[in-house]
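# Summary of the model geometry
What follows is the residue order along each chain.
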Amino acid sequence: MESTLGLEIIEVVEKAAIASAKWMGKGEKNTADHVAVEAMRERMNQIHMRGKIVIGEGERDEAPMLYIGEEVGICTREDAHSYCNPDELVEIDIAVDPCEGTNLVAYGQPGSMAVLAISEKGGLFAAPDFYMKKIAAPPAAKNHVDINKSATENLKILSECLDRSIEELVVVVMDRSRHQDLIKEIRGAGARVRLISDGDVSAALSCAFAGTNIHALMGIGAAPEGVISAAAMRCLGGHFQGKLVYDPEEVKTGLIGESKEGNIARLQEMGIDNPDKVYGAEELAGGETVLFAACGITPGTLMNGVRFFHGGARTQSLVISSQSMTARFVDTVHMFEQPKYIQLS
Ligand code: VTB
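A short tour of the structure in this document, coming up. Each chain carries its own residue numbering, running from 1 in the direction its sequence is written. Under the rules for a predicted model, residues below a pLDDT of 70 receive no local features and side-chain atom pairs below 80 are neither given nor counted, while totals for whole chains, interfaces and linings still include all residues. Note that the side-chain values use all heavy atoms of the structure and ignore hydrogens as well as water.

## Description of the state of the cysteines
For this text, the term disulfide refers to a pair of cysteine sulfurs within 2.5 Å. The final tally for this structure, using the stated rule, is 1 disulfide. Each disulfide pairs two cysteine sulfurs, and for C75 the partner residue is C84, the sulfurs being separated by 2.2 Å. Between C75 and C84 the disulfide shows an S-S torsion of about -95°. By sign, it is left-handed. For the pair formed by C75 and C84, the shared burial category is buried. Distance from the sulfur of C207, which forms no disulfide, to the nearest cysteine sulfur (C161) is 13 Å. Only protein chains enter the area calculation, which uses a 1.4 Å probe; residues under 20% of their type maximum are buried, those over 50% are exposed, and those in between are partly exposed. Classification of C207 by relative accessible area gives buried; the value is 1%.

## With respect to the layout of surface pockets
The method works on a 1 Å grid over the protein atoms by themselves. A cavity is a set of points holding a 1.4 Å probe that cannot get out, a pocket is an open set with protein on both sides within 12 Å along at least five of seven lines, and residues with an atom within 4 Å of a point line them. Grid points are joined across faces, edges and corners, and a volume is the space filled by probe spheres set on the points. Computed from the structure, the largest pocket encloses a volume of approximately 1300 Å³. Lining the largest pocket are 40 residues; nearest its centre among them are G56, D129, A222, P224 and E225. Breaking the lining of the largest pocket down by element, the ones donating at least two residues are α2 (29-44), β3 (91-100), α3 (102-106), β8 (216-222) and α7 (223-236). Only runs of H or I of at least four residues qualify as helices and only runs of E of at least two qualify as strands under DSSP, and these elements are numbered from the N terminus. Here the lining of the largest pocket gets 4 residues from one element, more than from any other, and that element is β3. Taken as a whole, the second largest pocket encloses approximately 380 Å³ of empty space. Residue lining of the second largest pocket: 20 residues in total, with K133, R178, H179, L182 and G219 positioned closest to the centre. Ranked by residues supplied to the lining of the second largest pocket, first place goes to helix α5 (residues 180-188) with 4 residues. The nonpolar class holds Ala, Val, Leu, Ile, Met, Phe, Trp, Tyr, Cys and Pro. Asp, Glu, Lys and Arg form the charged class, and all remaining residues, Gly among them, are polar. When its residues are assigned to classes, the lining of the second largest pocket shows 6 nonpolar, 6 polar and 8 charged.

## Side note on the environment of A231
Mapped onto the elements, A231 comes out in helix α7. It is 14 Å that separates the C-alpha atoms of A231 and G6, two residues lying 225 residues apart in sequence. Those residues in contact with A231 that sit more than four places away from it in its chain are A117, A285 and V290. Throughout, a residue-residue contact means that at least one pair of heavy atoms, one from each residue, lies within 4.5 Å.

## Structural notes on the packing of helix α4 (residues 151-162) against α5
For helices, the fitted line uses only the C-alpha atoms of the stretch in contact; every axis is such a line through C-alpha atoms, and the angle between N-to-C directions lies from 0 to 180 degrees. Relative orientation of the contacting elements α4 and α5 amounts to 40°, with a least axis distance of 9 Å. In terms of orientation, α4 and α5 fall into the oblique class. Judged by the sense of rotation from one axis to the other, the crossing of α4 with α5 is right-handed. Contacts between α4 and α5 involve A151, T152 and L155 from the first element and L182, E185 and I186 from the second. Orientation categories follow fixed angle ranges, with anything under 35 degrees roughly parallel, anything over 145 roughly antiparallel, 65 to 115 roughly perpendicular, and all other angles oblique. Throughout, a crossing is termed right-handed when the near helix is turned clockwise from the far one, and left-handed when it is turned anticlockwise from it by less than a right angle.

## Describing the environment of L162
For L162, the position within the fold is in helix α4. Measuring from C-alpha to C-alpha, the distance between L162 and P138 comes to 8.4 Å, with 24 residues separating the pair along the chain. Residues contacting L162, with those up to four places away along its chain left out, are P138, A140, L169 and H215.

## Observations concerning unusual backbone geometry
Look at D163: it is not a glycine, yet its phi comes out positive at around 55°. With respect to the helices and strands, D163 occurs in the loop between α4 and β6 (170-174). Among the residues examined, D163 registers a relative accessible area of 70% and is labelled exposed. The backbone of N213 shows a phi angle near 60°, a positive value even though the residue is not glycine. Along the polypeptide, N213 turns up in the loop between α6 (200-206) and β8.

The following block contains the structure:
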């Protein structure tokens, strides 16, 4: 996979974040999402790559752009052989969430970002549009905590791995009714809960960095976002596990007339024969080379949000590569026109 790709994808997430940030606080979540999708797709189509969207904005008949299966990049054109080199013609899989946390953007709340993950063909799990039970934890706890253990057991393990008292531990949980028992159990074990309204990708990622005051993510979110989180955690050596949720008793997928049996059958049609399988980060993002890029739309734990100034904008992105084993924080000043001056910080 092209090493330059790791640099070009910074611009892909930056453009999406800037477009979406213009709608920050306007209460228009669909517009905040739509403009991010357009900007991400436009910049991706300027890259010498042969990409296929494996996680995107929906099925082809649901989403006009960045739908599952859409081909993106200059080297997807029929005459690509005449102007793309062999490396650039190698098919790659792309998982995108141009505006992860549309509500957060619409209401000006922290934690939204434009995000994507890339791997060679077949390197990312094409997650179904189901919920996923997730657990994320720092590298020190990798393969020690386990999604099949109780929150209480995992907190004890986390405490030992991090050499921190349970009372010091902070677990991020999405503020949903489905998590009432989980939240009660975490607090009962003595740990603290940081509730978020949306954006569990940012939360998962934060577990891999010290100093974020986030020591774990637990609870149920979306499976596609779980794959993107896993791509980052795979590169960072963090712990991430996911387990598909198919029982409406745990969480309703919103499909009319859904049933546990019907959901199991849908998963089997997708080739998922074991609906109770536990996926590790290395299975959700198992490719030899995995790239992850995110740019803050609103301020978050790891990255600042987009800040506009007269004639430009400033962004902060994070690009992680399993190839170079690097996590780059990229601070970019975008000059839309010749600025009067550039604020240094
Ligand atoms: C989850 C979470 C995402 O949306 O999908 C959430 O993974 C939706 O959960 O990060 P609900 O269906 O319970 O609202 C996000 O928060 C944002 O896309």
